[in-house]
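Structure at a glance
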Amino acid sequence: MADDVPRGRFSNEAATRAPELPALDEGWRRLLLRPSEGPVLLPFAGGLLAHPDPGVRLRAVHLLAMLGKRAAPYADRLADLLGDRGRAAGIDGRVGDFASWALARIGDPRAVPGLVERFRAFDREFRSGGWVLTSVRLPSLSELLIPLREFAAALLPALRDLVRDEHAGRTQSLTGAALRVFEAWGEDALPALPDILPLLADPRYSLGAADALVTMGPGAAPAEQALRACAVLDHPANHLKVAWAAWRISGNGPSVLERVGEAVLAADPPACGPVWWLTDFGPAAAPYAHKVRSFLDHTEGWGRLQAALAWWSITGEPAPSLRAVEDTLQEMAAGGDSFRLYAEALRILPRIGATTPPVRAALTATASTDRHLSAAHDYRAILHDTRLRPALATALTLPLA
C-alpha cells in the first residue's frame, strides 16, 4: 500500500488523479442527511477498498464504518487493511485505524486485538488535530468501545493498563473515557474494580468512578467505604450522589431515601432536584409522591420525564407518566430536534411497560422519517441513530395500557 501522505488539503492535481474522491465526499454528505443513501453507497465504497490512492481507500473504509453491520460482506477485505498505514491529506489517522473501527462497528472479533492500544497511539499522535463538523474522523475511545461489551473480557486488560498508566502519570488522559466505558459495560467491567478504587481519591474522576461502580451492582460492594470517603468538589449535590451511589452498591444507609427526599422537597420548578433517584426506592418513596406529581404537572423537558418515571415507580399508575412521554414523542414526530429528551423517553417506556395509541402513532411517525435520530451533524449522528433505532423498535412492541 502507499506510504504516508502529508497532511493538508488535496490539490486540484490530486483530485484529478483520484476522481473518486469528490464522489466519496459527496456520498458522505448525503449519508449524513439521509440514512436511505446507505444501500447505494455500500457497493460503491466496497468496490474502492483496493484503490491505489490511500485517500480513496480511507474514505471508502470510513463509509463502510458508518454503514455498520450492513458492511459485513466486506469484513474480510477490511481485515486485510488493518495494517494499512496509508494516510489522506487533512484527515487524522490511517487506513488501518478506520478499518479497525469498521470491523468494530460490524462486531467482527478481528477488530479486538490491539484495539485499545491502537487508539491510544492515535490519541497521542493526533490529539491536537482540528476538524469541521462534517469532516471524516475517528470516534472517541468511549464511542468506539461502548458498543463492544460482548468483547469486554478481551478488551479490559488494555483498558485497565490505560487507567493505571494515567494514575501513575505515564500517559495523557483517557481515564474519563475509560470510566464511561466501564459504566456502560456494568457488571462485565467488574475486573477493573481495583483500578477504579484509586480514582475515588481524585476529584477529576471520582464522580465518574461512582457512576461506574453503580452500574457494576452488588459486585462492587467492596468499594463502599472508599466510595463514601471519595474526593468530590465541595457541592452538597455531589455528597448526596456519593451517599446514593454507596447505597446502590451495598444496600447500606437507611437515611439515603430521606436525604434524597429532602432535596426533592426543597427544589422548585423548573429545577426538580434528584427526583430521578426516587425511582430506585419505588413505593417506599410515597411520602414524596405529591412533590413528584407537582414536577410532573408543572415542569417541562428533562425534569418532567424524570418525574414521570419516578411517579410510575412510586405509584404504579402509568397514565400521567405516559402523557409526559407522549408530549415528547409527538414533538419529535412533528419534526422536533430534542433528541436527548427523545432518547430518555425511549428509555422510560420499557420501564413503564406499556404504551398508548397516541404514543404508538408518534413512534411510528418518527420511525418512518428519513433522518438520523440525532441533533449532531457529523459521525455522531449515525452512532446516535444506531443506538436509538433498536430502542424505538422495542417501544413499538409494548402493549397498550
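Scroll up for the structure.
A quick note: this is a predicted structure, and the numbers were derived from the prediction, not measured. (Residues numbered from 1 in each chain as written. Predicted model: local features only at pLDDT ≥ 70, side-chain atom pairs only at ≥ 80, totals over all residues. Heavy atoms only, no water.)

Two elements in contact, helix H7 (residues 115-126) and helix H9 (residues 152-167), have axes whose closest approach is 8 Å; the angle formed by their N-to-C orientations is 35°. Seen from H7, the contacting residues are Leu 115, Val 116, Glu 117 and Arg 120; seen from H9, they are Leu 155, Ala 158, Leu 159, Asp 161, Leu 162 and Asp 165. Per-class residue counts for the contact of H7 with H9 are six nonpolar, no polar and four charged. (Axes fitted to C-alpha atoms, helices over the stretch in contact; angles between N-to-C directions. Helix = DSSP H or I, 4+ residues; strand = E, 2+ residues; numbered from the N terminus. Contact = heavy atoms within 4.5 Å. Nonpolar A, V, L, I, M, F, W, Y, C, P; charged D, E, K, R; others polar.)

So, about the side chain of Arg 371. By the secondary structure assignment, Arg 371 is in the loop between helix H20 (357-367) and helix H21 (379-396). The charged side chain of Arg 371 is buried without a salt bridge, its nearest counter-charge being Asp 337 at 7.2 Å. Within polar-contact distance, the side chain of Arg 371 engages the backbone oxygen of Gly 336 at 3.0 Å. Not counting residues up to four positions away in its chain, the partners in contact with Arg 371 are Leu 33, Pro 35, Met 332, Gly 335, Gly 336, Phe 339, Asp 385 and Arg 389. (Buried < 20%, exposed > 50% of the residue type's maximum accessible area, 1.4 Å probe, protein only. Lys, Arg positive; Asp, Glu negative; His and termini not counted. Salt bridge = Lys/Arg side-chain N within 4 Å of Asp/Glu carboxyl O. Polar contact = N/O pair within 3.5 Å; in protein donor to acceptor, adjacent residues only side chain to side chain.)

Here the idea is simple: oppositely charged side chains can pair when their charged atoms come close. Applying the stated rule across the entire model yields 25 salt bridges. A salt bridge links Glu 37 to Arg 34; the nearest nitrogen and oxygen atoms lie 3.2 Å apart. When its relative accessible area of 33% is taken as the criterion, Arg 34 is described as partly exposed. A single network of salt bridges, built from pairs that share partners, joins Arg 160, Asp 161, Arg 164 and Asp 195.

Inspection of the secondary structure assignment puts Ala 345 in helix H19 (residues 339-352). A sequence separation of 18 residues divides Ala 345 from Asp 327, and the C-alpha atoms of the two residues are 9.7 Å apart.

A word on the packing of H20 against H21. Helix-helix packing is described using two parameters, namely the angle between the two axes and the distance between the axes. Where H20 contacts H21, the two axes come as close as 10 Å, and the packing angle between them is 145°. The crossing of H20 and H21 is left-handed. On H21, the residues touching Arg 360, Leu 363, Thr 364, Thr 366 and Ala 367 of H20 are Arg 389, Leu 392, Ala 395 and Leu 396. Residue classes in the contact of H20 with H21 are distributed as five nonpolar, two polar and two charged. (Left-handed = near helix turned anticlockwise from the far one by under 90°.)

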